[in-house]
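Below are the chains, spelled out letter by letter.
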Amino acid sequence: MPRKIIKKLLPDESILRNHKHLSWLGSHLHDPSLWHLTRKSVARAFLVGVFCAFLPVPMQMIIAAVLALLARSNIPISVGLVWITNPLTITPIFYFTYVVGTYLLNTPTLDIELKFTYEALYHDLSAIWWPLLTGSVFCGAIFSVIAYFIASSFWIWHVRRSWSKRGKNEQLK
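Bear in mind the structure is a predicted one, so any value in this text is a computation, not a measurement. (Residues numbered from 1 in each chain as written. Predicted model: local features only at pLDDT ≥ 70, side-chain atom pairs only at ≥ 80, totals over all residues. Heavy atoms only, no water.)

**Looking at the overall build of the protein**
Our working definition: In this text, helices come from DSSP runs of H or I with a minimum length of four residues, and strands from runs of E with a minimum of two, each type numbered from the N-terminal end. Contacts between residues were defined by any pair of non-hydrogen atoms, one from each residue, lying within 4.5 Å. All accessible areas in this document rest on Shrake-Rupley with a 1.4 Å probe, and a residue is counted as covered only by the protein chains that are shown.
Scanning the protein for helices and strands turns up seven helices and zero strands. Traced from its N-terminal end to its C-terminal end, the protein shows the element sequence α-α-α-α-α-α-α. Sequence separation of at least 24 residues holds for 72% of the intrachain contacts in the protein that already meet a minimum separation of 6. Carbon and sulfur atoms make up 67% of the accessible area of the protein, which totals about 11,500 Å².

Okay, here's the thing in C-alpha coordinates:
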(Lines give C-alpha, C1' and ligand atoms only; values in the text may rest on other atoms or scores of the structure.)
Protein backbone atom coordinates (compact mmCIF):
# COMPACT_ATOMS: atom_id res chain seq x y z
CA MET A 1 0.00 0.00 0.00
CA PRO A 2 1.17 3.59 -0.49
CA ARG A 3 0.86 3.97 3.27
CA LYS A 4 3.91 1.76 3.89
CA ILE A 5 6.06 3.70 1.45
CA ILE A 6 4.99 7.10 2.79
CA LYS A 7 5.36 6.07 6.44
CA LYS A 8 9.04 5.24 5.88
CA LEU A 9 9.72 8.73 4.55
CA LEU A 10 7.86 10.73 7.22
CA PRO A 11 9.35 11.98 10.48
CA ASP A 12 7.96 10.69 13.78
CA GLU A 13 4.80 12.57 14.73
CA SER A 14 5.80 12.85 18.41
CA ILE A 15 8.91 14.79 17.39
CA LEU A 16 6.81 17.21 15.35
CA ARG A 17 4.21 17.59 18.09
CA ASN A 18 6.87 18.51 20.63
CA HIS A 19 8.88 20.79 18.32
CA LYS A 20 9.51 24.18 19.93
CA HIS A 21 8.66 26.16 16.77
CA LEU A 22 5.31 24.41 16.40
CA SER A 23 4.17 24.92 19.99
CA TRP A 24 1.99 27.90 18.98
CA LEU A 25 -0.36 25.43 17.29
CA GLY A 26 -1.15 23.93 20.70
CA SER A 27 -3.71 21.15 20.90
CA HIS A 28 -4.54 21.40 17.20
CA LEU A 29 -1.57 19.15 16.46
CA HIS A 30 -3.13 16.31 18.48
CA ASP A 31 -5.86 15.65 15.90
CA PRO A 32 -5.13 12.12 14.61
CA SER A 33 -6.35 12.94 11.10
CA LEU A 34 -3.38 15.28 10.69
CA TRP A 35 -0.95 12.39 11.06
CA HIS A 36 -2.72 9.28 9.76
CA LEU A 37 -2.20 8.13 6.23
CA THR A 38 -5.62 7.69 4.70
CA ARG A 39 -6.67 8.27 1.13
CA LYS A 40 -8.55 11.42 2.06
CA SER A 41 -5.86 12.95 4.26
CA VAL A 42 -3.13 12.27 1.70
CA ALA A 43 -5.20 13.59 -1.22
CA ARG A 44 -6.01 16.74 0.78
CA ALA A 45 -2.32 17.06 1.61
CA PHE A 46 -1.54 17.09 -2.10
CA LEU A 47 -4.20 19.76 -2.58
CA VAL A 48 -2.71 21.96 0.15
CA GLY A 49 0.97 21.30 -0.55
CA VAL A 50 0.87 21.83 -4.30
CA PHE A 51 -1.20 25.01 -3.90
CA CYS A 52 1.27 26.44 -1.39
CA ALA A 53 4.22 25.47 -3.59
CA PHE A 54 2.94 27.89 -6.21
CA LEU A 55 2.61 30.84 -3.83
CA PRO A 56 5.36 33.43 -4.48
CA VAL A 57 5.75 34.34 -0.83
CA PRO A 58 8.29 33.51 1.86
CA MET A 59 7.49 30.91 4.53
CA GLN A 60 5.39 28.67 2.30
CA MET A 61 5.87 25.80 4.75
CA ILE A 62 4.14 27.68 7.56
CA ILE A 63 1.24 28.57 5.27
CA ALA A 64 1.01 24.90 4.23
CA ALA A 65 0.98 23.76 7.88
CA VAL A 66 -1.82 26.18 8.79
CA LEU A 67 -3.86 25.26 5.71
CA ALA A 68 -3.28 21.57 6.49
CA LEU A 69 -4.77 22.17 9.94
CA LEU A 70 -7.80 23.86 8.39
CA ALA A 71 -8.23 21.21 5.69
CA ARG A 72 -7.49 18.36 8.13
CA SER A 73 -4.89 16.95 5.77
CA ASN A 74 -1.67 15.13 6.58
CA ILE A 75 0.70 17.85 7.82
CA PRO A 76 4.09 16.30 6.92
CA ILE A 77 3.02 15.60 3.35
CA SER A 78 1.46 19.06 2.95
CA VAL A 79 4.62 20.75 4.18
CA GLY A 80 6.93 18.46 2.21
CA LEU A 81 5.18 19.12 -1.09
CA VAL A 82 6.01 22.81 -0.77
CA TRP A 83 9.50 21.83 -1.86
CA ILE A 84 8.24 21.39 -5.41
CA THR A 85 9.49 24.95 -5.69
CA ASN A 86 13.10 24.55 -4.67
CA PRO A 87 16.22 26.46 -5.75
CA LEU A 88 16.37 24.45 -9.00
CA THR A 89 12.71 24.75 -10.00
CA ILE A 90 11.62 28.12 -8.62
CA THR A 91 12.75 30.19 -11.59
CA PRO A 92 10.98 28.22 -14.35
CA ILE A 93 7.85 27.70 -12.25
CA PHE A 94 7.46 31.36 -11.32
CA TYR A 95 8.31 32.51 -14.83
CA PHE A 96 5.56 30.22 -16.12
CA THR A 97 3.08 31.57 -13.56
CA TYR A 98 4.10 35.13 -14.46
CA VAL A 99 3.38 34.45 -18.14
CA VAL A 100 0.03 32.86 -17.22
CA GLY A 101 -0.76 35.92 -15.08
CA THR A 102 0.01 38.33 -17.89
CA TYR A 103 -2.25 36.29 -20.16
CA LEU A 104 -5.09 36.27 -17.60
CA LEU A 105 -4.74 40.01 -16.97
CA ASN A 106 -4.25 40.75 -20.67
CA THR A 107 -1.05 42.71 -20.00
CA PRO A 108 2.23 42.56 -21.91
CA THR A 109 5.08 40.40 -20.67
CA LEU A 110 7.91 42.64 -19.52
CA ASP A 111 11.49 41.85 -20.49
CA ILE A 112 13.28 42.56 -17.24
CA GLU A 113 16.97 42.13 -16.58
CA LEU A 114 17.29 41.51 -12.86
CA LYS A 115 19.90 43.60 -11.09
CA PHE A 116 20.47 42.96 -7.43
CA THR A 117 20.26 46.50 -6.15
CA TYR A 118 17.49 47.66 -3.87
CA GLU A 119 16.12 50.19 -6.37
CA ALA A 120 16.17 47.77 -9.30
CA LEU A 121 14.57 44.95 -7.31
CA TYR A 122 11.89 47.26 -5.94
CA HIS A 123 11.08 48.59 -9.42
CA ASP A 124 11.17 45.16 -11.12
CA LEU A 125 9.12 43.40 -8.45
CA SER A 126 6.52 46.16 -8.38
CA ALA A 127 6.19 45.83 -12.17
CA ILE A 128 5.70 42.05 -12.19
CA TRP A 129 4.05 41.44 -8.80
CA TRP A 130 0.38 41.49 -9.80
CA PRO A 131 0.70 39.18 -12.86
CA LEU A 132 2.98 36.86 -10.87
CA LEU A 133 0.53 36.62 -7.97
CA THR A 134 -2.48 36.16 -10.24
CA GLY A 135 -0.78 33.46 -12.30
CA SER A 136 0.58 31.73 -9.21
CA VAL A 137 -2.81 31.52 -7.49
CA PHE A 138 -4.48 30.39 -10.72
CA CYS A 139 -1.83 27.73 -11.49
CA GLY A 140 -1.72 26.67 -7.84
CA ALA A 141 -5.48 26.12 -7.82
CA ILE A 142 -5.48 24.18 -11.09
CA PHE A 143 -2.44 21.99 -10.35
CA SER A 144 -3.49 21.33 -6.75
CA VAL A 145 -6.91 20.05 -7.86
CA ILE A 146 -5.21 17.85 -10.46
CA ALA A 147 -2.78 16.57 -7.81
CA TYR A 148 -5.70 15.85 -5.46
CA PHE A 149 -7.44 13.66 -8.04
CA ILE A 150 -4.22 11.93 -9.09
CA ALA A 151 -3.30 11.10 -5.47
CA SER A 152 -6.80 9.86 -4.71
CA SER A 153 -7.00 7.81 -7.92
CA PHE A 154 -3.54 6.32 -7.38
CA TRP A 155 -4.48 5.31 -3.84
CA ILE A 156 -7.69 3.61 -5.04
CA TRP A 157 -5.84 1.86 -7.88
CA HIS A 158 -3.10 0.66 -5.55
CA VAL A 159 -5.56 -0.73 -2.97
CA ARG A 160 -7.60 -2.50 -5.66
CA ARG A 161 -4.43 -4.00 -7.11
CA SER A 162 -3.35 -5.20 -3.66
CA TRP A 163 -6.73 -6.81 -3.03
CA SER A 164 -6.64 -8.42 -6.46
CA LYS A 165 -3.19 -9.87 -5.79
CA ARG A 166 -4.33 -11.07 -2.37
CA GLY A 167 -7.33 -12.81 -3.95
CA LYS A 168 -5.16 -14.52 -6.56
CA ASN A 169 -2.69 -15.70 -3.92
CA GLU A 170 -5.50 -17.17 -1.81
CA GLN A 171 -6.90 -19.04 -4.82
CA LEU A 172 -3.49 -20.58 -5.50
CA LYS A 173 -3.29 -22.04 -1.97
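**Considerations on a nonpolar patch on the surface**
Convention followed: The patches reported here contain residues having more than 30% relative accessible area and no salt bridge. Joining distances are 9 Å for like charges and 5 Å for nonpolar side chains (Val, Leu, Ile, Met, Phe, Trp, Tyr). Whenever Lys or Arg places a side-chain nitrogen within 4 Å of a carboxyl oxygen from Asp or Glu, that contact is recorded as a salt bridge. Using a 1.4 Å probe on the protein chains alone, a residue whose accessible area is under 20% of its type maximum counts as buried, one over 50% counts as exposed, and one in between counts as partly exposed.
Taken together, Phe96, Tyr103, Leu104, Leu105, Trp130, Phe138, Ile142, Phe143, Ile146 and Ile150 make up a surface patch of nonpolar side chains, about 1,000 Å² in accessible area. Elements supplying a minimum of two residues to the nonpolar patch: α6 (90–105) and α7 (118–172). At six residues, α7 tops the list of elements feeding residues into the nonpolar patch. Along the polypeptide, Trp130 turns up in helix α7. The class of Trp130 is exposed, set by a relative accessible area of 54%.

**Structural notes on the environment of Pro76**
Within the secondary structure, Pro76 is located in helix α5 (residues 75–80). Judged by its relative accessible area of 15%, Pro76 falls in the buried class.

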